[in-house]
Amino acid sequence: MSHPTDALPSFDRAARRARVFEEIGDGIAVFRAPPLAVHANDVEYRYRPDSNFFFLTGFGEPDAVAVLDGAADEERFVLFVPPRDPDRETWTGPRAGVDGAIERFGADAAYPIEQLQEKLAPRITNAGALYYHLGHDEAFNLRLMDMAKSAWAARPRTANDRPTSLIDSGPLVYEMRLRKSEAEIAWMRRAIEVSREAHLAAMQATAPGGAEFEIEALLEYTFRRRGASGWAYPSIVAGGANATVLHYIANEDALRDGELLLIDAGCEVGYYCADITRTFPIGRDFTPGQRRLYDVVLRAQEAACDAVRPGATVESVHDTALEILVDGLLGLGLLSDATVADALKSEEYKRFYMHRTSHWLGMDVHDVGAYNVAGAPRPLEPGMVLTVEPGLYFAPRLEGVPEEYAGVGIRIEDDVLVTDDGGEILTAGVPKRPDEILALRND
Ligand code: GLY
Ligand code: MN
Ligand code: MN
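What this report covers is the structure whose coordinates are included nearby. Just so it is clear, the structure is predicted and the values come from calculations on it, not from any experiment. (Residues numbered from 1 in each chain as written. Chains lettered and ligands numbered in written order. Predicted model: local features only at pLDDT ≥ 70, side-chain atom pairs only at ≥ 80, totals over all residues. Heavy atoms only, no water.)

1. Topic: the coordination of the manganese ion (ligand 3)
Just so we agree on the cut-off: Coordination shells were defined by N, O and S atoms within 2.8 Å of each metal, extended to 3.2 Å for Na, K and Ca; water is absent from the atom set, which can make sites look incomplete. Each label reflects the angles at the metal, where four donors whose angles all fall between 85 and 135 degrees are tetrahedral, four or six donors whose opposite pairs open beyond 155 degrees and whose other angles stay between 65 and 115 are square planar or octahedral respectively, and the rest are irregular. Only runs of H or I of at least four residues qualify as helices and only runs of E of at least two qualify as strands under DSSP, and these elements are numbered from the N terminus. Relative accessibility decides the category of a residue: with a 1.4 Å probe and only protein chains considered, values under 20% of the type maximum give buried, values over 50% give exposed, and everything between is partly exposed.
Protein coordination at the manganese ion (ligand 3): the donors are Asp264 (OD), Asp264 (OD), Asp275 (OD) and Glu413 (OE), at 2.0 to 2.4 Å from the metal. Taken together, the 6 donor atoms coordinating the manganese ion (ligand 3) span angles of 56 to 169 degrees at the metal, a pattern that classifies the geometry as irregular. Within one chain, the residues serving as donors to the manganese ion (ligand 3) are arranged as D-x10-D-x137-E. Separating the manganese ion (ligand 3) from the manganese ion (ligand 2) is a gap of 3.3 Å, which Asp275 spans by donating to each of them. Separated by 11 residues along the polypeptide, Asp264 in strand β11 (residues 260-265) and Asp275 in the loop between β13 (272-273) and β14 (276-281) bring together distant segments of the chain. Take Asp264 and Asp275: they sit in the same class, and that class is buried.

2. Quick notes on the coordination of the manganese ion (ligand 2)
Distances from the manganese ion (ligand 2) to its protein donors, Asp275 (OD), His359 (NE2), Glu389 (OE) and Glu413 (OE), fall at 2.0 to 2.2 Å. Ordering the donors of the manganese ion (ligand 2) by residue number gives the pattern D-x83-H-x29-E-x23-E.

3. A look at the environment of Arg48
Rule in force here: It only takes one pair of heavy atoms within 4.5 Å for two residues to be counted as in contact. Any pair of nitrogen or oxygen atoms within 3.5 Å is treated as a polar contact; in protein, a donor-acceptor pairing is required on top of that, and neighbouring residues in sequence qualify only through side-chain atoms on both sides.
Here Arg48 is to be found in the loop between β3 (43-44) and α2 (51-57). Residues Arg48 and Ala153, 105 residues apart in the sequence, show an inter-C-alpha distance of 36 Å. For Arg48, the contacting residues outside a window of four places in its chain are Glu268, Tyr271, Met363 and Asp364. A distance of 2.6 Å separates the side chain of Arg48 from the backbone oxygen of Met363, its partner in a polar contact.

4. A few points about the sheet that holds strand β10 (residues 236-239)
Let me state the cut-off plainly: One bridge is not enough; two strands pair if DSSP finds at least two bridges between them. Every axis in this analysis is a line fitted to C-alpha atoms, fitted for helices over the stretch in contact. Angles between the N-to-C directions lie between 0 and 180 degrees.
Ordered by their spatial adjacency, 3 strands build an open sheet running β10-β11-β14, and the pairing between neighbours is antiparallel. Each end of this open sheet is capped by a strand with a single partner; those strands are β10 and β14. Strand after strand, the sheet turns through a mean of 10 degrees between neighbouring axes, direction not considered. Pairing of β11 with β14 involves 6 bridges; the strand directions are antiparallel. Looking at the pairing, Leu260 lines up with Pro281 of β14. Where helix α9 (residues 182-205) meets the sheet, it contacts β11 and β14, and its direction lies at approximately 15 degrees from that of β14.

5. Some remarks on the nonpolar core
The condition that has to hold: Working definition of a nonpolar core: buried Ala, Val, Leu, Ile, Met, Phe, Trp, Tyr and Cys residues. They are joined through side-chain atoms within 4.5 Å.
In terms of nonpolar packing, the biggest core is built from 120 residues, with Leu79, Ile263, Phe352, Leu380, Leu392 and Phe394 touching the most fellow members. Discounting chain neighbours no more than four positions away, the residues touching Leu392 are Leu293, Val296, Val297, Leu325, Leu329, Phe352, Tyr353, Val408, Gly409 and Ile410. Listed in part, the 21 residues of the second largest apolar core include Val30, Ala121, Ala148 and Ala151.

Put into structure tokens, the structure is as follows:
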């Protein structure tokens, strides 16, 4: 069977590092691959590399550091890695070690991670600036800041006495990650294809009397069976009013006739993510009230997808969706404002639509990249990928909501690639029109 993770993406990572070197001049940039995360007691999670680190190095082992040293003549790309250790490797598998870091990952030099302090501190002393992103590995944040403090204290005696600066390294990588290459898009298509199959299987298997966790299991079985490394984010399988909890991941409830099921699930292949939401009846059809709301969300979602093109912005895509949602809510008598303009101003719609319409998608599900540039929304460019995911949510606790809408949550989410002249809906193979969904559900 062909296996999508036979080979992880092999990109020209040296070219990516060259772009970082261009930016940092005689500065030094430090990137961290965190250690394994603890699940409970001595049980750890399966490792998932840090996206920035992996983007630049392709090195997938935990507890490593990559240094791009613009002040060095020869050892410019340096990896600090877990050293070979036959005893440990018996338990956790082969390591590349320092030799592998040089031979397989193109480091100019490599050292055991234990030598970080001794080898890195002098480099920081000599560098024009230290580039580092304060990430989630708090222990390492503190360790590096402590190293920098000592290194900078020594500067007046050992190096030039220019003011030292600490600069966020994130944006050096974010701009590259935001604009996807053809090869990256190919990996995203693979993640989306596996996710499409999972959503179709889930649509076909859903029935009254089942349980959310059965559908969750089917989604994730499909991800793994097709060779994806697993979910890109915990799957949301939310029946009925659970769908009004935006990050509902318990997935423990029964599936009841007459309610809708919202599934927000996507997998990761080669460390590229899919992010797809569909909402459909658990039984044979929508109730009239559910269908009215669904049609509003679908209209907003389709118009927002159509609005994706070079020069548009995440903001303008959001506005397109929002106007249609608000118009629909007004038409259904769910807002007290007189006009769409009034309703947009009063923001009463936020009771039912409280999130944004889009986010970047890539190696991270909420991918990196600035949404605003120079104080204005950033124009979309070919190669960017964003989600389009409007919804309406009527939490049972809300007052003044007619019975037929109470406890209904609907979201429709596609992944859209900005092309030269518009947008390509990468997730178009997952049905969202009611007739298509019902045909699939009831055949
Ligand atoms: N699945 C997370 C999101 O839609 O943003
Ligand atoms: Mn999303
Ligand atoms: Mn989603």
